[in-house]
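Letter by letter, the chains look like this.
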Amino acid sequence: MLKIIIRKVILGLFYLFVISVVAFVMVRQMPGDPAVLIANQDRETEAPPELVERIRHEYGFDRGMVEQYRCWLQRVIFDGDLGYSTRTKRPVLAEIQSSLPASLRLGLITFGLTLIISFPLGLLAGVTNNKILDLWIQSMAWINYSVPVFLLAVLLIWFFAVDLRLLPAIGHETGRHYVLPVAALSVHLSGWTTQVIRTSIREISEKPYIQFAHAKGLKQIRVILIHTLKPALFPISTALLIQLGNLVSGSFIIETIFAWNGIGRLLVDSIMARDFPIIQGILLYTGGIFALINILIDSLYLFLDPTTIEKMGRGRTS
Amino acid sequence: MMRTIIGALSLALLAVILLACAFPGLFTNYEPNAINFAEKFSQPNRIHLMGTDELGRDLFTRLLFGGRVTIGSSLVIAGGSTLIAAIWAAVSAYLGGIWDELMTRIVDILMIIPALLFALLLISILEPGMRSLVIALAIVRWPGYARILRGQVYSLLSAEYLVAAKALGAKPVHIIRRHIMPNITMLIITLFGLSFASGILSISSLSFLGFGVQLPHPEWGAMINAARPFLQTRPYLMIFPGLAIIVTVLLANLSLRLLEPS
C-alpha cells in the first residue's frame, strides 16, 4: 500500500513538472513584450530603446526558451526560489503567500457551510420514500444551482450593504467581511452538492443488498448510516474534493466583485501586466494543491476499500 | 411519471427560448442597439414589454439578441467539449495498452490545472473576445468529460455480455455499434446538457467581468453588469437578464431528468 502511495507522489511530481513546462511555454505566447511593459512601468514618457534592451537582457528574455526554463527550474529546485515579480519586485513566493490565505479561508468556510447545508438534505432526499419531499429538495437544489454567483453577489451587496447598511461589501479584514461572499458562493455550490449526494445515496439504496438488509429486519437508521452511507462516501468525497480545489482557485469572480486580494485576483492582475514569474508560480502552486488533493483521494480509497489496492497496483486509477 | 412530465415540460419551454433567441426578428420589431433617448428608462409596458435601458434601447429585444450570444456560445462549448471528450475516450479505449495509458495521463495532467485560471490564461493568449472565451472554455472542460466517458467505456468492455459477444466472434465494429454506442449515447447527451448549463453560467460570469462581448453588443452577463448603477431605481434592468439565466440553466438541467433511468 505504501508503495502505491509513493508511486502516486512521484507521478504527482512528474505532473507538476509537465505543468511547469506548459505554464512556461504558454506565458511566452501572450501578445505584448514584457521588457517594454517593465521599462514603461512608473514612467510618464516612453522608455528609451536602450533601457528596454537592458531590461530584456537583465531578465533573460533574450535567451532561448530552453535556456530560460533551465535557469528557472534550477533555482526552483535548488533554492526553492520562484523568482521575483516583475511588477512589484517582491518575491513570487511572498506575493502568493500574501494572497492565498484569504482565498483558502473563503474556500474552506464556503465548503464547510455547503456540507452542513447539503449533506442532511441530500441524504434525506436519497433515502426517503416520500416522493414529494424528494421532489421538493431536488427542486430547491436545482434552483440554487441555477442562480449565478455574480448575480447573487450583486443583489446581496445591494440589499445588505447598500440598503440596510448591515454588512461591509469591500475587503476581507474582519469576519463580517466573509458573510456576503460565503453566502453568494454557498447557495450555488450547495445546490450542486445536494444533487451529487442525493444521486450517490439513491444509487446505493436501490442495490439488492440494501433491500435484503431491510428485509431481514435491520433498524432503518442502521441500514442508512452503515450499509448505505459508507459505500456512498467514495463517489461523494471524490466529487466534493475536486470542487474544493475549484473553489479555492476559481473564486476570482467573487474576489473581483468584493475587491479581495486573493489568488484569483493576483493572477488576473499578473496576466494584464505580463508578470511571467507570478503566473508560472501561481499555476505551479495551485497545480500542487490539486495534485495533493488527488493523492489524498487515492489514499482515502486505499484506506477505506482494500479492493482498490489491486486495481491501483495495476495502474488503473481513474 | 412525475419525472417524465417535468422533463418534457422543461424541454418544451427550453425549445421556445432557443427558438426565440435563434429568430429574434419574429418576436420583436426593434433593433438591439438602436438608441432612443426620448424613451429612455421606460418601465415595462405594452410597447416595451420589459421596458428600456439608460439609452432607450428595448430590453426585451436586447434580451433575445443577448440570449443568442449566451446560448449560442454555450451550445458551441458543450458540443465542442463533449465531442473532443468522446473522440478521445473512443480512441484511447480502441488503441488500448501504452497509448491508452498515455492519453489517460494527459487527461490527468489537464485535470489538475485549475480550470478557470487556465481559461483566463488561454483568453489572454488568443486575443480577448467572445471567440477566445468559447475556445478557452471548451478546452478546459473536455478533460473531465473524457475521464468520465473513458471510465464508462472501460467498465463496459469488461461486462460479461461483451466478453460473451467477443467469445462468439463479434467484430470490433459490431461491438462498438451495437454494444458500446447505445450504452454511452445517454451519457454523452447528459454530459452535453450539463455542459450547456454550466457553459451559460461560465459565459455570463466572465462576460459580467468584461472578458467576453464588447459593448454595445448585448449578452446576459454583460447586461447585468451594465444594470448595476441603476439597481436601486430601475431593478427590472437586472431582474430580466438575471431571470433569463436562471430559467435557462434550470430548464436545461430539468430536461435531463427525462434521461434518468427510473
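Residues numbered from 1 in each chain as written. Chains lettered and ligands numbered in written order. Predicted model: local features only at pLDDT ≥ 70, side-chain atom pairs only at ≥ 80, totals over all residues.

**Q** Mind laying out the overall build of chain B, listing which residues take part and the relevant values?
**A** Helix and strand content of chain B: nine helices and zero strands. Listed N to C, the secondary structure of chain B is α-α-α-α-α-α-α-α-α in terms of helices and strands. Over its C-alpha atoms, taken along the principal directions, chain B stretches across nearly 80 × 45 × 30 Å. Scored against the burial criterion, the 262 residues of chain B give a buried share of 44%. Within chain B, contacts between residues separated by at least 24 positions form 68% of all contacts whose residues are at least 6 apart in sequence. (Helix = DSSP H or I, 4+ residues; strand = E, 2+ residues; numbered from the N terminus. Buried ≥ 20, exposed ≤ 12 C-beta atoms within 10 Å, placed from the backbone. Contact = placed C-beta atoms within 7 Å.)

**Q** Account for the packing of helix H1 (residues 2-22) of chain B against helix H9 (residues 236-255) of chain B, naming residues and giving values.
**A** All names here are of chain B. Viewed as axis vectors pointing N to C, H1 and H9 meet at an angle of 135°, and their least axial separation amounts to 8 Å. In terms of orientation, H1 and H9 fall into the oblique class. Two packed elements cross with a definite hand, and for H1 against H9 that hand is left-handed. Contact residues: Ile 6, Gly 7, Ser 10, Leu 11, Leu 13, Leu 14 and Ile 17 in H1; Thr 248, Leu 251, Ala 252, Leu 254 and Ser 255 in H9. (Axes fitted to C-alpha atoms, helices over the stretch in contact; angles between N-to-C directions. Parallel < 35°, antiparallel > 145°, perpendicular 65-115°, else oblique. Left-handed = near helix turned anticlockwise from the far one by under 90°.)

**Q** So what's going on with the domain arrangement of chain A? Which residues, and what values?
**A** Residues and elements named next belong to chain A. Domain annotation for chain A reports domain 1 (1-86 + 274-318) and domain 2 (98-273). Between domain 1 and domain 2, the contact holds 15 residues from the first and 14 residues from the second. Per-element tally for the side of domain 1 that touches domain 2: the top contributor is helix H13 (residues 276-304), with eleven residues. Residue composition of the side of domain 1 that touches domain 2, by class: eleven nonpolar, one polar and three charged. (Domains from an automatic or database assignment. Nonpolar A, V, L, I, M, F, W, Y, C, P; charged D, E, K, R; others polar.)

**Q** Would you mind going over unusual backbone geometry in detail, with residue names and values included?
**A** Negative phi values dominate among residues other than glycine, just as trans dominates among peptide bonds. All names here are of chain A. Unlike most non-glycine residues, Ala 259 shows phi in positive territory, near 50°. Positioned with a positive phi, Arg 274 is a non-glycine residue whose angle comes to about 55°. As for its position among the elements, Arg 274 is in the loop between helix H12 (263-272) and H13.

**Q** Please set out helix H7 (residues 172-208) of chain B residue by residue, giving values where relevant.
**A** At Met 181 of chain B, H7 of chain B shows its maximal kink, close to 50°; a proline, Pro 182 of chain B, follows between one and four residues later. Directly beyond the C-terminal end of H7 of chain B, a positive phi value near 95° is found at Gly 210 of chain B. (Bend = angle between axes of the 7 residues up to and from the residue.)

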